[in-house]
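# Remarks on the overall topology
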Amino acid sequence: MTRSVGMTVRPCLAFACAHLCDERLYAAQLAAFGNAYDCRVFVFRDHDSLREMAEALLAGTPPRFSLIGLSLGGYVAFEVIRRQPQRLERLALLDTTAVADSAARRAGRLADIARVREGGIDALIPELPGRWLLPAHAERAELVGLMAAMARSIGARGQRNQQRAMLARPDSHADLSTLTIPTLVICGGQDAVTPLADHQAMAARISGSRLAIIPDCGHLSTLEQPEAVNRQLAQWLASTG
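Bear in mind that the values here come from a model prediction, so they are computed numbers and not experimental data.

Of all 6 residues that make up strand 7 (residues 183-188), 6 are buried, and the element is covered over most of its length. Every second residue of strand 7 is oriented toward a common face, with Thr183, Val185 and Cys187 on one face and Leu184, Ile186 and Gly188 on the other, all of them buried. Note that strand 6 (residues 88-94) and strand 7 share 4 bridges and pair parallel. Bridge pairing in strand 7 links Leu91 to Thr183. In terms of strand pairing, strand 7 meets strand 8 (residues 210-214) through 5 bridges, oriented parallel. When the sheet's bridge partners are listed, Leu184 is paired in strand 8 with Arg210. The β-α-β motif built from strand 7, the intervening helix 8 (residues 196-205) and the parallel element strand 8 has right-handed crossover chirality.

In structure tokens form, the structure reads like this:
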């Protein structure tokens with residue numbers, strides 16, 4: 001399961017993707033860390049539960065690895081913690097939340113499922129930049145186009161599966177309290193989906209964790225501010241290696 005360059009075994013970084021995002025969510029991170037680390041990206045299309053998503057990730061990683069999860073990827077990370085926490089060397093939680101869905105958020109998920117069922121994934125795509133990106137970034141054609149391409153790659157079935165998984169997720173703060181591994185919590189400073197208060201609550205539960213706020217950034221920090229995210233990840237990796 002391990003990969004090596006010459007005689008040096010590279011430590012594994014597992015990247016868990018967000019809702020309606022594929023490998024391109026982490027393109028800047030793979031470019032920055034791919035030479036030094038065995039980077040594996042996990043996209044969730046075919047499973048409709050966090051349990052199945054976590055099992056797929058665990059099946060595709062070595063016995064010990066570091067896990068980086070953004071949004072839905074963070075929810076999958078919480079499930080990994082509940083199942084096999086001993087496998088984790090380090091953890092980075094980006095633009096996610098340990099709070100279970102409110103009634104309003106559940107209603108929104110069900111509405112999205114219905115919209116895609118009736119009109120396909122393209123019925124939802126125009127709303128995504130306004131929901132997830134900093135307003136200035138929602139005007140960037142390359143980001144808007146990338147979001148549309150990633151959503152189409154997940155497709156209507158993948159969207160439904162992901163939403164079903166998220167509808168069933170529990171509150172995970174108690175699970176975070178059990179962690180003793182080096183943990184980095186990253187939040188886009190203007191993330192309207194999983195706001196700063198949610199990240200502060202997660203960091204407060206994890207002993208020794210570090211909270212980093214990315215300025216001028218919405219919910220998709222790895223795309224909106226890739227260099228700033230990479231600096232935080234590089235410092236985290238260097239200080240905990």
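Following the structure, the description resumes.
Ranked by internal contacts, the top residues of the largest apolar core, which has 42 residues, are Leu20, Leu25, Ile68, Ile186, Leu220 and Leu233. Secondary-structure elements contributing two or more residues to this core are strand 3 (12-16), strand 5 (65-70), strand 6, helix 5 (128-132), helix 6 (141-167), strand 7, strand 8 and helix 10 (226-240). It is helix 6 that contributes the most residues to this core, 6 residues altogether. Not counting the four nearest positions on each side in its chain, Leu220 is found in contact with Cys21, Leu25, Leu70, Trp132, Leu133 and Met147. Counting 32 residues, the second-largest nonpolar core is a separate cluster that includes Leu57, Leu58, Val80 and Met202.

Mapped onto the elements, His137 comes out in the loop between helix 5 and helix 6. You can call His137 buried: its relative accessible area is 8%. When neighbours within four sequence positions are excluded, His137 is seen to be in contact with Leu143, Asp216, Glu224 and Gln225.

Given two aromatic rings, one states the distance between the centres and the angle between the planes to describe the pair. Tallied over the full model, the rule gives 2 aromatic pairs. Ring geometry for Phe15 against Tyr26: centres 4.9 Å apart, planes inclined by 50°, an arrangement best described as tilted. Of this pair, Phe15 sits in strand 3 while Tyr26 sits in the loop between strand 3 and helix 1 (27-33), and the two are 11 residues apart along the sequence. The two residues Phe15 and Tyr26 agree in class, both being buried.

What follows concerns the sheet that holds strand 4 (residues 38-42). Consider a sheet: its strands pair through backbone hydrogen bonds, and that pairing is either parallel or antiparallel. One open sheet holds the 6 strands; their spatial order is 4-3-5-6-7-8, and the pairing between them is parallel. The open sheet is flanked by strand 4 and strand 8, the only strands paired with a single partner. Averaged over all pairs of adjacent strands, the angle between strand axes in this sheet comes to 15°, irrespective of strand direction. Across the face of the sheet, helix 2 (residues 50-59) comes into contact with strand 3, strand 4 and strand 5 while running at roughly 140° to strand 5.

This part is about the layout of surface pockets. The space that makes up the largest pocket amounts to roughly 290 Å³. Forming the walls of the largest pocket are 16 residues, and the residues nearest its centre are Arg105, Arg109, Arg131, Trp132 and Val193. Mapped onto the lining of the largest pocket, the elements with two or more residues apiece are helix 4 (103-119), helix 5 and helix 6. Here the element with the most residues in the lining of the largest pocket is helix 4; it accounts for 5 residues.

About the criteria used
Residues numbered from 1 in each chain as written. Predicted model: local features only at pLDDT ≥ 70, side-chain atom pairs only at ≥ 80, totals over all residues. Heavy atoms only, no water. Buried < 20%, exposed > 50% of the residue type's maximum accessible area, 1.4 Å probe, protein only. Helix = DSSP H or I, 4+ residues; strand = E, 2+ residues; numbered from the N terminus. Pairing = 2+ DSSP bridges. Right-handed = clockwise from strand over helix to strand, strands pointing away. Core = buried A, V, L, I, M, F, W, Y, C linked by side-chain atoms within 4.5 Å. Contact = heavy atoms within 4.5 Å. Phe/Tyr/Trp six-rings, centres within 6.5 Å; stacked < 30°, edge-to-face > 60°. Axes fitted to C-alpha atoms, helices over the stretch in contact; angles between N-to-C directions. 1 Å grid on protein atoms, 1.4 Å probe; cavity = no way out; pocket = protein on both sides within 12 Å on 5 of 7 lines; lining within 4 Å. Points joined across faces, edges and corners; volume = space filled by probe spheres on them.

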